[in-house]
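Residues per chain, in single letters:
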Amino acid sequence: EAGVAQSPRYKIIEKRQSVAFWCNPISGHATLYWYQQILGQGPKLLIQFQNNGVVDDSQLPKDRFSAERLKGVDSTLKIQPAKLEDSAVYLCASTTIGTGNLNEQFFGPGTRLTVL
Amino acid sequence: QKEVEQDPGPLSVPEGAIVSLNCTYSNSAFQYFMWYRQYSRKGPELLMYTYSSGNKEDGRFTAQVDKSSKYISLFIRDSQPSDSATYLCAMRDSGTYKYIFGTGTRLKVLA
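Predicted model, so just to flag it, every value in this text is computed and none were measured. (Residues numbered from 1 in each chain as written. Chains lettered and ligands numbered in written order. Predicted model: local features only at pLDDT ≥ 70, side-chain atom pairs only at ≥ 80, totals over all residues. Heavy atoms only, no water.)

Residues and elements named next belong to chain A. All chains considered together, the criterion is met by 2 disulfides over all chains. Covalently, cysteine 23 is tied to cysteine 92 through a disulfide, its sulfur atoms 1.9 Å apart. Handedness here is read from the sign of the S-S torsion; for cysteine 23 and cysteine 92, about -70°, the answer is left-handed. In this pair, cysteine 23 is assigned in strand 3 (residues 19–24) and cysteine 92 in strand 9 (residues 88–95), connecting sequence segments 69 residues apart. (Disulfide = S-S within 2.5 Å. Helix = DSSP H or I, 4+ residues; strand = E, 2+ residues; numbered from the N terminus.)

Right, here's the structure in full:
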């Protein structure tokens, strides 16, 4: 079974530029998450999709971040304009949905963003 | 107060030592308690999880949950250099699929 795919793996941009990240979840996984992981910290949820609908985007800085999940499969996360404090690893994860069990989250390798 | 608190370490131990990693939490609705391992420049991977209270053992790893104290632990016996990684605790209630992570504890096992 293929894992969660993310691209690019690394990105360096200057502040005020825009950047986009792409995620392809595990086939059949209805729920998709984007997390921001700043160095030395745990992952912080930015947005959670179930199929192509947003379940939780309460911690997404909507003035500069946007995300979409067209057709309930792939997803893109965009930052425009980027700030220095956006330097972090952006992780994508996916799960199935159901009742009575954990529904394990599977993570991609992440995209490491450096904003200069 | 953060929902989940975890000592960031770093923690250095000699090979063969018993390692204890801990998290505290404030949300009594949490039902799933997870431990993830994250190697450098990789995404987290699930190590083990516990539903509600109690203990769970898997090889050299034991997870404990004490809901009365809102405290969870991960024990690693006979630690190996390959266990060197960041260990993240995470929690979730049963009604949503929202995971809350601790800051992670960086562990180094010295050969």
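Moving on: the side chain of Gln36(A). In this fold, Gln36(A) is placed in strand 4 (residues 31–37). In this view, Gln36(A) contacts Gly42(A), Pro43(A), Lys44(A), Leu46(A), Phe65(A), Glu85(A), Asp86(A), Ala88(A), Val89(A) and Tyr90(A); residues no more than four positions away in its chain are not counted. (Contact = heavy atoms within 4.5 Å.)

This paragraph deals with the sheet that holds strand 7 (residues 65–68) of chain A. All names here are of chain A. Reading across from one edge, 1-3-8-7 is the order of the 4 strands in this open sheet, with antiparallel pairing throughout. Strands with a single pairing partner mark the edges of an open sheet, and in this sheet they are strand 1 (5–7) and strand 7. Within the sheet, the average angular offset between the axes of one strand and its neighbour, ignoring direction, is 15°. Across 3 bridges, the pairing between strand 1 and strand 3 is antiparallel. Within strand 3, the residue paired with serine 7 across the bridge is tryptophan 22. (Pairing = 2+ DSSP bridges. Axes fitted to C-alpha atoms, helices over the stretch in contact; angles between N-to-C directions.)

A few words now on the pairing of strand 3 of chain A. Residues and elements named next belong to chain A. Residues of strand 3 alternate between two faces, with Val19, Phe21 and Cys23 buried on one and Ala20, Trp22 and Asn24 left unburied on the opposite face. Taken together, the 5 bridges between strand 3 and strand 8 (residues 75–79) define a ladder with antiparallel strand orientation. Directly across from phenylalanine 21, in strand 8, lies its bridge partner leucine 77. (Buried < 20%, exposed > 50% of the residue type's maximum accessible area, 1.4 Å probe, protein only.)

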